[in-house]
Amino acid sequence: MTDLTKLSLAATRDGLSNRDFSALEVTEAYLGAIEKANPKLNAFIEVTAQQAREMAEQSDHRLNSRDARPLEGVPLGIKDLFATKHVHTQAASHVLDDFKPEYESHVTQNLWNDGAVMLGKLNMDEFAMGSSNETSHYGPVVNPWRAAGSNQDLVPGGSSGGSAAAVSAWLCAGATATDTGGSIRQPAAFTGTVGIKPTYGRCSRWGIVAFASSLDQAGPIARTVEDAAIMLTSMAGFDPMDSTSAEIAVPDFAAAVERGVKGLTIGVPREYRMDGMPEEIETLWQQGLEWLKAEGATVKDISLPHTKYALPAYYIVAPAEASSNLARYDGVKYGLRVSGKDITDMYELTRAKGFGREVKRRVMIGTYVLSAGYYDAYYVRAQKVRTLIKRDFERAFADGVDAILTPATPSAAFGIADQDMNADPVKMYLNDVFTVTVNMAGLPGIAVPAGKDHRGLPLGLQLIGKPFDEETLFAAGRVIERSAGGEFSPEKWW
Amino acid sequence: MAVDADTVRRIGRLARIRVEESEVAGYQSELNAILGFVEQLDEVDVSGVEPMTSVTPMALRQREDKVTAGGHAERIVSNAPLSEDNFFMVPKVVE
């Protein structure tokens, strides 16, 4: 019998609707795979087996009575950042110990309304702050990929490291993820999976634990471009509970996947050619452009002059918003409480114990840049730079560019407990150098596996689109995926 | 603009995060590394540039001024570390 966990989400859906197998069979296959793999990979931090079986049985009823919804019986993993009613929701933080929300996030509710099955909650960097999934209170996630001939454990990227690892290791048919500076696209690139951060406002943020509210967006990580398109169609949509949710119709993204790139103009920003960038990344980028040209796209050199300032501006804006959003974790309303001699003592001790090192560092930076006397010099200046970054993109699009092709990350996956990255926070931050501009400008961006490095590890390319034009990204992403043609599945060692 | 040890202690108090004496030097060097990195923004000419307030052009929606939820205090306190009669319990704050 075929291994049901190896099917794409689209093939799973087709097989279910043809009744080649039942939703319960697919769910059991995934639960079995998780049980075997999770002690090694640490991708799931909570498995909701009983709930998954109940949801699958309901899906089987629907499928049998020809009443199937778009994701009927498809088992998914959910990043721990999404509120799931009465189920573990801690943003992988100690400070939210035992928190079980009384409500469901808009995005996950959309998925359940479309018939999807929840397998459990996925590991992540604490409060989505990190690029290696090493800041989780639940320990690091291990990348299912290993370099050729090596048994060194590699990071899956972050912050959606559990989502990327679970999809790549066949532990779920697709996963929800979130992206504040690259947290969908960088882990997708590190694991040979497809990840899209849609336009700001496309997915409701209601019920997603807030990190930096003007940058946070939800999106899927999946095994193929088509799978990502199917998932995003269900996840997206207007929600009156999020004041920044866009009141705009959601297209059938899957219908755009095979549209091709004929006649499109693809921009190549010269500022993304960074000093010290490995040659194989540069080669892959050129290869991607050749593939798009071969299918009828025109390539155009463009300039996004403020690119280098996106990351420093991000490290003011994001911590500032985080310091405000995370003020609510004080030991009163939910989660951990450490008693003290008075209430201030209780706040300080609770937050010192409940937050990990990276979260504390960012809350402290955010507090500093918002403090009296520094607000204009740091925060207001960064928001002005953000206006300039957005303007760069607007000019390029006004000049006839339909989408922009860049590398997704400056390197392939690195080792767990990397000395350089641990010694210098800024080195870790540089992982997001190609992705963070997109969040600063609110644009959609997709990472698609496009090749491998000299050690056999996957590398991704990123396509950046116009606001609310995810369809072009799916179409162009599919051309990259098809042209790369390679097998982006890790060799199973777990 | 570099932070000194006193500033680290002051930020810790503002952020309501206890910073132990043994941690001050570590925070100081990490915060200064980050502040050193963001210093390059000073090169950018931002004269006449509006700070971004909304990444997509949108006016905040308004809704009718009426109660749409409520009446479930027990659910609101259900995750509290300490509660009594649907109130959050905290250490005494008034003498």
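Fair warning: this is a prediction, and the values are worked out from it, not measured in the lab. (Residues numbered from 1 in each chain as written. Chains lettered and ligands numbered in written order. Predicted model: local features only at pLDDT ≥ 70, side-chain atom pairs only at ≥ 80, totals over all residues. Heavy atoms only, no water.)

Brief notes about the pattern of salt bridges
So, point 1. A complete count under the given rule lists 31 salt bridges over all chains for this structure.
So, point 2. Across the salt bridge formed by A:Glu394 and A:Lys390, the nearest N and O atoms sit 3.1 Å from each other. Of this pair, A:Glu394 and A:Lys390 both sit in helix α12 (residues 375-398), four residues apart, roughly one helical turn.
So, point 3. A:Glu394 gets classed as partly exposed once you look at its relative accessible area, which sits at 41%.
So, point 4. Each of the salt bridges in this network shares a partner with another, and the network as a whole consists of A:Arg357, A:Glu358, A:Arg361, A:Arg362 and B:Glu30. (Salt bridge = Lys/Arg side-chain N within 4 Å of Asp/Glu carboxyl O. Helix = DSSP H or I, 4+ residues; strand = E, 2+ residues; numbered from the N terminus. Buried < 20%, exposed > 50% of the residue type's maximum accessible area, 1.4 Å probe, protein only.)

Quick notes on the packing of aromatic side chains
Residues and elements named next belong to chain A.
So, point 1. Evaluated as defined, the whole model comprises 18 aromatic pairs over all chains.
So, point 2. On the numbers, 5.0 Å between centres and 45° between planes, the contact of Tyr103 with Trp206 is tilted. In this pair, Tyr103 is assigned in the loop between β2 (75-79) and α4 (106-113) and Trp206 in the loop between β5 (194-197) and β6 (217-222), connecting sequence segments 103 residues apart.
So, point 3. Residue Trp206 is classed as partly exposed on the basis of its relative accessible area, which comes to 30%.
So, point 4. Measuring from ring centre to ring centre gives 3.7 Å for Tyr315 and Tyr429, while their planes differ by 10°; the resulting arrangement is stacked. With a gap of 114 residues between them, Tyr315 in helix α9 (residues 310-325) and Tyr429 in helix α14 (residues 425-429) connect regions that are remote in the sequence. Accessibility assignment for this pair places Tyr315 and Tyr429 in one class, buried.
So, point 5. Each residue in the set Phe99, Phe127, Tyr329, Tyr334 and Phe355 is aromatic and connected to the rest through ring pairs, giving one cluster.
So, point 6. The lysine or arginine in question, Lys333, covers the ring of Tyr334, its NZ or CZ lying 5.8 Å from the ring centre. (Phe/Tyr/Trp six-rings, centres within 6.5 Å; stacked < 30°, edge-to-face > 60°. Lys NZ or Arg CZ within 6 Å of the ring centre and 35° of its normal.)

Brief notes about the sheet that holds strand β10 (residues 445-452) of chain A
Residue and element names in this part refer to chain A.
So, point 1. Within the open sheet, the eleven strands sit side by side as β1-β3-β2-β4-β6-β5-β10-β11-β9-β7-β8. Their pairing is mixed. Strand pairing shows two members of the sheet lacking a second neighbour, β1 (44-47) and β8 (298-302), which therefore form its edges. Each strand axis lies, on average, 30° off the axis of its neighbour in the sheet, ignoring direction.
So, point 2. Inspection of the sheet shows strand β4 (residues 174-179) paired to β6 by six bridges, in the antiparallel sense. Note on β6: the bridge partner recorded for Ala177 is Gly219.
So, point 3. Relative to strand β9 (residues 403-407), helix α8 (residues 279-294) is tilted by about 150°, and along the sheet it contacts β7 (265-269), β8, β9, β10 and β11 (458-465).
So, point 4. Against the sheet, helix α16 (residues 470-484) contacts β5, β9, β10 and β11, and its axis sits at roughly 5° relative to β10. (Pairing = 2+ DSSP bridges. Axes fitted to C-alpha atoms, helices over the stretch in contact; angles between N-to-C directions. Contact = heavy atoms within 4.5 Å.)

Some remarks on the packing of helix α11 (residues 357-370) of chain A against α12(A)
All names here are of chain A.
So, point 1. Two numbers describe how α11 lies on α12: the axes approach to 7 Å, and their chain directions differ by 110°. With respect to each other, α11 and α12 are oriented roughly perpendicular. Across the interface between the two elements, Tyr368, Val369 and Leu370 of α11 pack against Tyr375, Tyr378 and Tyr379 of α12.
So, point 2. A class-by-class count of the residues in the contact of α11 with α12 yields six nonpolar, no polar and no charged. (Parallel < 35°, antiparallel > 145°, perpendicular 65-115°, else oblique. Nonpolar A, V, L, I, M, F, W, Y, C, P; charged D, E, K, R; others polar.)

Regarding the interface of chain B and chain A
So, point 1. Each partner contributes residues to the interface: chain B has 51 residues there, and chain A has 70 residues.
So, point 2. A combined buried area of about 5400 Å² lies between chain B and chain A, and 67% of that area is made up of carbon and sulfur atoms.
So, point 3. It is B:Arg18, B:Met52 and B:Arg61 in chain B that bury the most area against chain A; as a group they hold 13% of the surface buried on that side.
So, point 4. Across the chain B-chain A interface, the total number found is seven salt bridges.
So, point 5. Among the ionic pairs, A:Glu348 bridges to B:Arg18, the shortest N-O distance being 3.0 Å.
So, point 6. Between chain B and chain A we count 21 residue pairs in polar contact (both at pLDDT 80 or more) in total.
So, point 7. Those elements that provide at least two residues to the side of chain B that touches chain A are α1 (5-14) and α2 (21-38) of chain B.
So, point 8. By residue number, the principal contributor to the side of chain B that touches chain A is α2(B), which donates ten residues.
So, point 9. Taken together, the residues of the side of chain B that touches chain A break down into 32 nonpolar, seven polar and twelve charged. (Buried area = accessible area lost by both parts, 1.4 Å probe. Polar contact = N/O pair within 3.5 Å; in protein donor to acceptor, adjacent residues only side chain to side chain.)

A short note on the nonpolar core
Residue and element names in this part refer to chain A.
So, point 1. One finds Phe127, Leu171, Phe393 and Phe474 to be the most contacted residues of the largest nonpolar core, which totals 179 residues.
So, point 2. The greatest single-element share of this core, amounting to ten residues, is contributed by α9.
So, point 3. Not counting chain neighbours up to four residues away, the residues in contact with Phe393 comprise Tyr272, Leu304, Ile404, Thr437, Ala441, Leu443 and Ile464. (Core = buried A, V, L, I, M, F, W, Y, C linked by side-chain atoms within 4.5 Å.)

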